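Coordinates in review
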Amino acid sequence: MPEFTPAEIQSLKAKYDEAGQGHVFTYFDSLAQPEQKAFFEQLQKIDPARVNKLRELALNPPKEDNETVLEPLPDSAQASILDSKPEDIQRWYDLGLELIGKGEVAVVLLAGGQGTRLGSKAPKGCFDIKLPSHKSLFQIQAERILKIQKLASERAADPTKAIIPWFIMTSGPTRSPTEKFFKKERLDELTDEENDYRSKGVPYFGLDPKNVTIFEQGVLPCITNDGKFMLASKDKVAVAPDGNGGLYKALQDEGILDKMRPNIKHVHTYCVDNSLAKVADPVFIGFSAEQKVKIATKVVRKRDAKESVGLILQKNGKPDVVEYSEIDDATCQAMDPKQPSILKFRAANIVNHYYSFDYLDSMGDDVNKLPPHIARKKIPYFDTEKGVAVTDVKSPNGIKLEQFVFDNFKWLNLDEFACFEVKREEEFSPLKNADPPRKADGTFEKQPEDSPTTSRKHIKEQGRRWAEAAGATVKNGDADEGLEVSPLTSYGGEGLEGFKEQVVDKLTI
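Right, let's walk through the structure included here. Per-chain numbering applies: the sequence of each chain, read as written, is numbered from 1 onward. Predicted model: local features are reported for residues with pLDDT of at least 70 only, side-chain atom pairs are reported and counted for 80 or more only, and whole-chain, interface and lining totals are derived from all residues. Hydrogens and water molecules were not included; the side-chain quantities draw on all heavy atoms of the structure.

A short note on the overall build of the protein chain
What counts as a helix is a DSSP run of H or I of at least four residues, what counts as a strand is a run of E of at least two, and both are numbered from the N terminus. Scanning the protein chain from N- to C-terminus turns up 14 helices and 22 strands. The C-alpha atoms of the protein chain give a radius of gyration of 24 Å, which matches the 23 Å a tight globule of 509 residues would have. Exposure categories follow from relative accessible area, calculated using a 1.4 Å probe and restricted to protein chains: below 20% of the type maximum is buried, above 50% is exposed, and the middle band is partly exposed. The proportion of buried residues among the 509 residues of the protein chain is 51%. Within the protein chain, residue pairs in contact and separated by at least 24 positions form 73% of the contacts whose partners lie at least 6 positions apart. For the protein chain, the accessible surface area stands at approximately 24200 Å², while carbon and sulfur atoms represent 48% of it. Computation of the radius of gyration draws on C-alpha atoms, with the globule rule given as 2.2 Å multiplied by the number of residues to the power 0.38. Residues are treated as being in contact if the distance between any of their heavy atoms lies within 4.5 Å. Values of accessible area rely on a 1.4 Å probe in the Shrake-Rupley scheme; residue burial ignores everything except the protein chains shown.

Written as structure tokens, this is what we have:
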């Protein structure tokens, strides 16, 4: 029996007709009942009037002041781990651990991407960067949560409260394989070798499944250049993920805020492809909580004036992210009058943010006001006039809309926002690209950049630094001249005193 009535169909059709998108029902009556049901459910989840407004906002964004004034954030709104006093860093760390110990901290992971550019069809979090342990990004990050929970529980008045719920935002293509990977089920998208390594582990990487929530970001219809929703087939609208800015709406729609509401006061959000991400970093959480801000963001120091990164700064008196392409050369190269040896605008955005729960919970309809961005694409579609699928699209024929997670920064006052600079070599190593091809002698044709090799090396270089700082000597014959330190052994270099004056001859400790 159908799970919708003729009246419900008519009501939904009227909603689409009113928005000028009634053509999506062209083939509805000719579909078999199961296809009708699936199509009806998809159409119910889309608000055509909202999508029309987003498209209009993207095509005709509000005009900004002709005189754009860019300045670094004021000193009151930023701190740097590079030059903060040790006692300040310790105070933030202690406060962060205290908040974790009270069960007031949650983590949201942005994990919607696939490993396509890495040569993998699996979710990027499943990727094996070929550490000696063969741990995936998901496992590394899960173990960082386990370790920081343990450190917090050792100080907590009630150790049972030292739990960090992990909320993992996936996309349509990555949700099911992510769920299977966490449950330790085999994935068709992985090789037999990769599946075998996963099978040797434990479900949820040792985390309690009730503290891991996998949810899905929203989608937006693909739209023709003249504003019509595109069909992927007779019974499906062509859609694309709504960007990492879809996080805010997904937190509402997927019931995540409801799950957080009883206990959570602080939320840490980061991207799955940062292999050095300090998940639930107590120093960052403590700093942000002490500042009593709505949003804080981690940054790393820009390498040089030409590095193509978005910058955290103030624009016309509001916190903002300005893309590299929007800044002229003189501004890029300007030096800091207070520290003439470093760039004036140097705070590189790494999409690693703190939110007060109260802020996320108060956004309401503002989640629909994030300015969308247009990507003009070659999109396969179903031609409703000719009744045929068109797959060989030669030139951009439509647009995809996406929202950016930082586009609400500018809604805040400067005293509601903070910026925290961290060491790139300790906290930021993105996995974006495949390794370059190798030459006959085994060396790379060009230098790897943001690849499995750089991610692996950065983790092992960090491990070696930690061991040597503890007084150990590393002589393990590692190909990268490094050392893999399991997150279960050390979260941030602590707890390695037992290796003092020892020779480490293992690849992993």
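Quick word on the pattern of salt bridges
In the sections that follow, a salt bridge refers to a side-chain nitrogen of Lys or Arg positioned within 4 Å of a carboxyl oxygen of Asp or Glu. Across all of its chains, the model carries 38 salt bridges by this definition. Linking Glu41 and Lys37 is a salt bridge whose minimum nitrogen-to-oxygen distance equals 2.8 Å. With a gap of 4 residues between them, Glu41 and Lys37 both fall in helix H2 (residues 33-45), about one helical turn apart. In this structure, Arg175 and Glu216 form a salt bridge, with 3.6 Å as the shortest nitrogen-oxygen distance. Taken together, the residues span a long stretch of sequence, with Arg175 in helix H6 (residues 172-183) and Glu216 in strand E5 (residues 212-216) at a distance of 41 residues. Overlapping salt bridges, with partners in common, bring together Arg175, Glu179, Glu216 and Glu254 in one network.

Quick look at helix H3 (residues 48-59)
The terminal C-alpha atoms of H3 lie 17 Å apart, and with 12 residues this matches the ideal 16 Å at 1.5 Å per residue to within 8%. Among all positions in H3, only Pro48, Arg50, Val51, Leu54, Arg55 and Ala58 are buried. Taken around the axis of H3, the buried residues stretch over an arc of 155°, which confines them to a single face. For H3, the capping residue at the N-terminal end is Asp47, with a side-chain oxygen 3.2 Å from the backbone nitrogen of Ala49. A helix is expected to span 1.5 Å for every residue after the first. To obtain the arc, one takes the directions from the helix axis to the C-beta atoms. Two N or O atoms count as a polar contact when they lie within 3.5 Å, although within protein this holds only if one can serve as hydrogen donor and the other as acceptor, and sequence-adjacent residues are included solely when both atoms are side-chain atoms.

A look at the packing of aromatic side chains
A pair of Phe, Tyr and Trp rings is counted when the ring centres sit within 6.5 Å of each other, with Trp represented by its six-membered ring. The angle between the planes then sorts it: under 30 degrees is stacked, over 60 is edge-to-face, the rest tilted. Considering all chains together, one arrives at 20 aromatic pairs under this definition. Judged by centre distance (5.6 Å) and plane angle (45°), the ring pair of Phe404 and Phe406 falls under tilted. Taking relative accessible area as the criterion, Phe404 reaches 23% and is therefore assigned partly exposed. One aromatic cluster in this structure is built from Phe4, Tyr16, Phe25, Phe28, Phe39, Phe40 and Phe229. Directly above the ring of Phe181 sits Arg198, whose terminal nitrogen or CZ lies 5.3 Å from the centroid. Throughout this description, the term charge over a ring refers to an Arg CZ or Lys NZ atom that lies within 6 Å of the ring centre and within 35 degrees of the ring normal. The positively charged end of Arg438 is found above the aromatic ring belonging to Phe444, 3.9 Å away from the centroid.

Some remarks on the nonpolar core
Throughout, nonpolar core names a set of buried Ala, Val, Leu, Ile, Met, Phe, Trp, Tyr and Cys residues whose side chains join them through atoms within 4.5 Å. The biggest cluster of nonpolar side chains holds 60 residues, and the ones touching the most others in it are Phe138, Trp166 and Phe182. Of all the elements, helix H5 (residues 137-153) adds the most residues to this core, at 6 residues. Residues Phe167, Phe215, Val351 and Tyr359 belong to the second largest nonpolar core, which totals 37 residues.

So, the sheet that holds strand E7 (residues 223-224)
When DSSP finds two or more bridges between a pair of strands, those strands are recorded as paired. Here we have 3 strands laid out as an open sheet, ordered E7-E19-E16, and antiparallel in their pairing. At either margin of the open sheet sits one strand with a lone partner, and together these are E7 and strand E16 (373-377). Pairing between E16 and strand E19 (residues 398-402): 5 bridges, direction antiparallel. Bridge pairing in E19 places Lys377 opposite Gly398. Running over the sheet, H3 touches E7, E16 and E19 and is turned about 95° from E19. Only C-alpha atoms enter the line fits that serve as axes; for helices the fit covers just the stretch in contact. Angles between N-to-C directions range over 0 to 180 degrees.

Points about the side chain of Glu143
Counting through the fold element by element, Glu143 comes out in helix H5. Leave out the neighbours within four places in its chain, and Glu143 touches Lys135, Ser486, Pro487 and Leu488.

Some words on the environment of Tyr381
With respect to the helices and strands, Tyr381 occurs in strand E17 (residues 381-383). Through-space distance from the C-alpha of Tyr381 to that of Lys506 is 54 Å; in sequence the pair is 125 residues apart. In this structure, Tyr381 is in contact with Met230, Leu231, Val388, Ala389, Val390, Val393 and Asn397, ignoring residues within four places of it in sequence.

Some remarks on the packing of helix H1 (residues 6-18) against H2
At a minimum axis distance of 11 Å, the contact between H1 and H2 shows a crossing angle of 45°. Classified by the interaxial angle, the pair formed by H1 and H2 is oblique. Seen from above, H1 lies across H2 with left-handed handedness. Judged by residue contacts, Glu8, Ile9, Leu12 and Tyr16 of H1 engage Phe40, Leu43 and Gln44 from H2. The scheme is simple: roughly parallel for angles under 35 degrees, roughly antiparallel for over 145, roughly perpendicular for 65 to 115, oblique for anything else. By definition, turning the near helix anticlockwise from the far helix through less than a right angle yields a left-handed crossing, and turning it clockwise yields a right-handed one.

Let's talk about helix H10 (residues 282-291)
Helical geometry note: an α-helix holds 3.6 residues per turn, so side chains three or four residues apart project in the same direction. With 8 of 10 residues buried, H10 is to be regarded as a mostly interior element. For H10, the full list of buried residues reads Pro282, Val283, Phe284, Ile285, Gly286, Phe287, Ser288 and Ala289. The residue sitting at the N-terminus of H10 and contributing the capping side-chain oxygen is Asp281; that oxygen lies 3.1 Å from the backbone nitrogen of Val283. Following H10 by one or two positions, Lys292 has its phi on the positive side, about 55°.

Nothing here speaks to function; it is all geometry.
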